[in-house]
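Each chain is listed here by its residues.
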Amino acid sequence: MDIDRPSDPQVSVVSSDGTMFHTTLKSILLSGTIKDMIEHIGEGGVENMGAIPLQNVDSKTLEIVIKWIEHHKDNIQPTSEEIKDKTADFIDPWDENFLEMDLDKLYNLITAANYLNIPQLLWLSTRKIAMLIKNRTPQEIRSLFNIEDDWTPQEIEAVQKENQWCEEK
Amino acid sequence: MTRFINFNNLTTIALRKRKNETEIDDRMKKRARFNEMTINSMPNELLWEIFSLLDRDSLLNANLVNKNWNNLICSTSLVEKIDKLYITAEKVDNFIPDLTRKYTSVRFDDIVDWSSELMEQLKAIGKCITNVTFVECVFFGNDIINLLQMFPYCKFMEISCCYEGCTPYEKYTSFPFRKVEMKSLKTVVLRGYSWPLSYISTPNLKRLEVETLGKEDQETLIIFLNTLKELRTLHLVDIHDLFDSRCGTIRTPKFKLKELLMVNLPLMDSDQMIRFLRHMKDSVTLLELGSELNVRVCEYILLNFNNIYSLNIDYECFPRARSFYQKMEMNKNLKYLALYGNMRSSKQLMYFLKRNTCVEELLMSELHGLHPNNYEFWHQFSSLVPNLHTLCVRRINVYNMVFIKLKNLKHLDVEYIGYATCNSWIQFCLNNPKIESFHIFARYQDYFKNIEYIIRGSLNHLNDFFSN
């Protein structure tokens, strides 16, 4: 299939709660999952194809995802292997700004990026959470993410003891 | 047609409508609740994605958050980042390492009995521990040569010996032995006895910390020091009769130290020490001198080490004679000065500061030994350290604080004794207008209620205030 042709046909996707979104083929192809789907249909199928149902993504999250893929449709996307090797921590300021959202939206975005197989978006959103975990004490992490502390004092002591010498290093 | 409205019908329609609405509402709410995700409702594989982006230290913290996170971090290949093999006395009998892992750190904790069985077990997992770069152990046996051979790529080694091995003399004469060459070793921390040093050759050692050695261990230490070429940091703590000439002669070292720490070294051989230090008087930039040091050595260091950038020193180490300070050259390299111990007289410090005029950070502990009316020192203090931007003082008499007038002071951390009035705090703030962080602790509870208000009102640049 010729992805690079100048005309960029319209594609529709439907969220799990039934909202339809219109976007372009070029942007939607950033999603590995949808790319596989479309390649499966084969040439010429795109124009006649109906709206693509996305059972695992709700409308709020899909809106965010579409905003991101439309902004990045002309950029070359790294594969997940390339991202794993990534050492430079450079983030596009647009992305930095884009990721300023509530935590629950961010969780949904991670799940959606994983389901839609958009490695770069998955990396960006998980990195955002990782940055929040970084340099925080366990208690701070618990209160930030609203996690219950389910250790007994004996258990935590044992784990701490094992950790201790690692930290001293 | 509408005129014949059946009221019965109307109510049912209305009811039905309301019922429908509530049904939808409920469903919406349920969905909303369902969509309200927490980090724990994310699938583990995605949590794993997040953890894989964390560095080692953050992983160690995340490890403690809850059981699920702990399981996740410890059970996956992420452990390779933590990569610890932790062998304690309780575990030693049923010690079952995970053979699929590659460990990079090993710690032996409280293992008293270095049995041959343990050695056999360690040998059995040889493949997993060849990449170990960090070894920490309390060693009791004299089988250390076998232990060391297991960690050829070790970079850091901490050995606390509680068992006297054979003295090197006996070793050299009784049977021929080859030293284990550990080319990767950069840091050695040694406590107790020095004999393990006679088993290793470490051509690339950068850092050596030696603590608590007896007189009989000097020989091994001197022989070892004579072999080093790359050493940059040397810590010597709690050693009696250091460099005792009866234990051998220390050669002119081939290395040039950058960092030197000497604490509690009674009865050291000052001639050997000075000979040892002579070649590094220009290279040392970080220096710490603790109590119980030879006066001659202290004088030698203070007079000749002119490139010191950071100095931690016990008050006791300052020579008493005024004539000594007249011999000192003016020095502008010293930026950080920390003073420990109990300060009884301020004169030596004043003389010292007159020669070191560019101090920017000053830490003074235990000033309560000073006479409270020691105005002379505090009057001069501000002119002695005009460039100071950080001042940390313990147990200063609060009346003396009024004399501190430092234009550039930004960070203040004070523990004071005595009672201060509002006016004296205001005066203090006016004298030091650029303070950005202000931490104060009263030794005895004071009128603390209004102090923050007063200080915040008097300082324009303040952004950090803390009091007890």
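What you are looking at is a predicted structure, and each value in this text was computed from that prediction instead of being measured.

### So, the overall build of chain B
A tally of regular secondary structure across chain B gives 17 helices and 18 strands. Burial analysis of chain B (468 residues in total) assigns 47% to the buried set. Considering only intrachain contacts with a sequence separation of at least 6, the fraction spanning at least 24 residues in chain B is 64%. Carbon and sulfur atoms make up 51% of the accessible area of chain B, which amounts to about 23900 Å² in all.

### Concerning the overall build of chain A
Within chain A, the secondary structure is distributed over ten helices and three strands. From first element to last, N terminus to C terminus, chain A shows the α and β order β-β-α-α-α-β-α-α-α-α-α-α-α. A burial count over chain A gives 43% of its 169 residues as buried. Excluding contacts between residues fewer than 6 apart, the proportion of contacts in chain A whose partners are at least 24 apart in sequence is 62%.

### Considerations on the environment of Glu100(A)
All names here are of chain A. Looking at the secondary structure, you find Glu100 in the loop between α6 (93–98) and α7 (103–116). Residue Glu100 is classed as exposed on the basis of its relative accessible area, which comes to 55%. Taking C-alpha positions, Glu100 is 9.2 Å from Lys128, a pair spaced 28 residues apart along the chain.

### Digging into the confidence of the model for chain B
Of the residues in chain B, 77% reach a pLDDT of 70 or more, and the chain-wide mean stands at 77. The ipTM for the predicted assembly is 0.86, set against a pTM of 0.61.

### Examining the packing of α7(A) against helix α8 (residues 119–133) of chain A
All names here are of chain A. Where α7 contacts α8, the two axes come as close as 8 Å, and the packing angle between them is 145°. The element α7 and its partner α8 pack so that their crossing is left-handed. Along the contact surface, α7 presents Leu103, Leu106, Tyr107, Leu109, Ile110, Ala113 and Asn114, while α8 presents Leu121, Leu122, Ser125, Thr126, Lys128, Ile129 and Leu132.

### Concerning the sheet that holds strand β3 (residues 52–53) of chain A
Residue and element names in this part refer to chain A. Pairing in this open sheet of three strands is mixed, and the strands run β2-β1-β3 from one edge to the other. Two strands bound the open sheet, and with one partner strand each, they are β2 (20–24) and β3. Where strand β1 (residues 10–14) and β2 come together, five bridges link them in antiparallel fashion. For Gln10, the partnering residue across the bridge sits in β2 and is Thr24.

### A few points about the packing of aromatic side chains
To describe a pair of aromatic rings, one takes the distance between the centres and the angle between the planes. Residue and element names in this part refer to chain B. Within this structure, the stated rule accounts for 16 aromatic pairs over all chains. Both rings, one in Tyr325 and one in Tyr351, keep their centres 5.5 Å apart while their planes meet at 45°; by these two values the pair is tilted. Here Tyr325 is found in helix α13 (residues 322–327), whereas its partner Tyr351 is found in helix α14 (residues 347–355), with 26 residues between them in sequence. The burial state of Tyr325 is the same as that of Tyr351; both residues are buried.

### Looking at the interface of chain B and chain A
Counting residues at the interface gives 38 residues for chain B, matched by 40 residues for chain A. A buried area of about 3600 Å², summed over both sides, lies between chain B and chain A, and 64% of it is on carbon and sulfur atoms. The interface formed by chain B and chain A holds one salt bridge in total. The salt bridge partner of Lys67(B) is Glu155(A), with a shortest N-O separation of 3.4 Å. For the pair chain B and chain A, the number of links is seven residue pairs in polar contact (both at pLDDT 80 or more). At the level of secondary structure, the elements contributing two or more residues to the side of chain B that touches chain A comprise α1 (7–35), α2 (44–51), α3 (56–62), α4 (67–75), β1 (84–88), β2 (105–109) and β3 (134–139) of chain B. By residue class, the composition of the side of chain B that touches chain A is 18 nonpolar, nine polar and eleven charged.

### Here we look at the pattern of salt bridges
Pairing between side chains becomes possible if they bear opposite charge and their charged atoms approach one another. Scanning the entire structure with this criterion turns up 14 salt bridges over all chains. Here Asp149(A) makes a salt bridge to Arg142(A), at a shortest N to O gap of 3.4 Å. Since its relative accessible area comes to 41%, Asp149(A) is described here as partly exposed. Among the residues examined, Arg142(A) registers a relative accessible area of 7% and is labelled buried. Through salt bridges with shared partners, one network takes in Glu158(B), Arg191(B) and Glu211(B).

### Looking at the nonpolar core
In this structure, Met262(B), Phe381(B), Trp425(B) and Phe438(B) are the most contacted members of the largest nonpolar core, which totals 118 residues. In this structure, Phe438(B) is in contact with Leu412(B), Trp425(B), Phe428(B), Ile455(B), Leu459(B), Leu462(B), Asp464(B), Phe465(B) and Phe466(B), ignoring residues within four places of it in sequence. Of all hydrophobic cores here, the second largest spans 53 residues; its members include Ala113(A), Ile118(A), Ile39(B) and Ile73(B).

### Observations concerning α7(A)
If you check α7(A), its first and last C-alpha atoms are 20 Å apart, about what 14 residues at 1.5 Å a residue would give, namely 20 Å. Turning to α7(A), its buried residues number three or more, namely Leu106(A), Tyr107(A), Asn108(A), Leu109(A), Ile110(A), Ala112(A), Ala113(A) and Leu116(A).

### Comments concerning the packing of α7(A) against α2(B)
α2(B) packs onto α7(A) with a crossing angle of 100° between their chain directions and a minimal axis gap of 11 Å. By the angle between their axes, α7(A) is roughly perpendicular relative to α2(B). Only Glu45(B), Leu46(B) and Ile50(B) of α2(B) make contact with α7(A), whose side of the interface consists of Ile110(A), Thr111(A) and Asn114(A). Taken together, the residues of the contact of α7(A) with α2(B) sort by class into three nonpolar, two polar and one charged.

### A closer look at unusual backbone geometry
Peptide bonds are mostly trans, and most non-glycine residues show a negative phi. Here Asn117(A), not a glycine, exhibits a phi torsion of approximately 55°, which is positive. Looking at the element boundaries, Asn117(A) is found in the loop between α7 and α8. Although it is not a glycine, Arg395(B) sits at a positive phi angle of roughly 60°. Looking at where Arg395(B) falls in the secondary structure, it is placed in strand β15 (residues 390–397). With relative accessibility at 15%, the residue Arg395(B) sits in the buried group.

### Let's talk about the pairing of strand β8 (residues 207–213) of chain B
All names here are of chain B. Across five bridges, strand β6 (residues 187–191) lies against β8 in parallel orientation. Pairing of Leu190 across the sheet is with Val210, part of β8. Bridging between β8 and strand β9 (residues 233–239) involves six bridges; their strand directions are parallel. Directly across from Glu209, in β9, lies its bridge partner His235.

### Overview of the environment of Phe134(B)
Looking at where Phe134(B) falls in the secondary structure, it is placed in strand β3. Along the backbone, Phe134(B) and Cys154(B) are 20 residues apart, and their C-alpha atoms lie at a distance of 5.8 Å.

Basis of the calculations
- Per chain, the residues get numbers from 1 upward, laid out in the order the sequence is written.
- Whichever chain is written first is A, and whichever ligand is written first is 1; the rest continue in order.
- Given that this is a predicted model, residues contribute local features only at a pLDDT of at least 70 and side-chain atom pairs are listed and counted only at 80 or more, while totals for whole chains, interfaces and linings are drawn from all residues.
- Derived side-chain values reflect all non-hydrogen atoms in the structure, with water molecules and hydrogen atoms excluded from consideration.
- Each helix is a run of H or I in the DSSP string that is no shorter than four residues. Each strand is a run of E no shorter than two, and both are numbered from the N terminus.
- Burial classes follow relative accessibility: with a 1.4 Å probe on protein chains only, a residue under 20% of its type's maximum area counts as buried, one over 50% as exposed, and anything between as partly exposed.
- We call two residues contacting when some pair of their heavy atoms lies within 4.5 Å.
- For every accessible area listed, the method is Shrake-Rupley and the probe measures 1.4 Å; residues are considered covered only by the protein chains on display.
- Here pLDDT means the predictor's own confidence in every residue, given as a number from 0 to 100.
- Note on geometry: axes are C-alpha line fits, over the in-contact stretch for helices, and angles between N-to-C directions span 0 to 180 degrees.
- By convention, the crossing between two helices is left-handed when the near helix turns anticlockwise from the far helix through less than a right angle, and right-handed when the turn is clockwise.
- A strand pair is defined by DSSP finding two or more bridges across the two strands.
- Each Phe, Tyr or Trp ring, with Trp reduced to its six-membered ring, pairs with another whose centre is within 6.5 Å; inter-plane angles below 30 degrees give stacked pairs, above 60 give edge-to-face pairs, and intermediate values give tilted ones.
- Computed with a 1.4 Å rolling probe, the buried area is the accessible surface lost when two parts are put together, summed over both parts.
- We define a salt bridge as a contact between a side-chain nitrogen of Lys or Arg and a carboxyl oxygen of Asp or Glu at a distance within 4 Å.
- Residues adjacent in sequence count toward polar contacts only when both atoms are side-chain atoms; beyond that, a polar contact is any pair of N or O atoms within 3.5 Å, and within protein one must be able to donate a hydrogen and the other to accept it.
- Residues are sorted three ways: Asp, Glu, Lys and Arg are charged, Ala, Val, Leu, Ile, Met, Phe, Trp, Tyr, Cys and Pro are nonpolar, and all the rest, Gly among them, are polar.
- By nonpolar core we mean a set of buried residues, namely Ala, Val, Leu, Ile, Met, Phe, Trp, Tyr and Cys, connected to one another through side-chain atoms within 4.5 Å.
- Expected span of a helix, by definition, is 1.5 Å for each gap between consecutive residues, and there is one gap fewer than residues.
- These descriptions rest on fixed angle ranges, namely under 35 degrees for roughly parallel, over 145 for roughly antiparallel, 65 to 115 for roughly perpendicular, and the rest for oblique.

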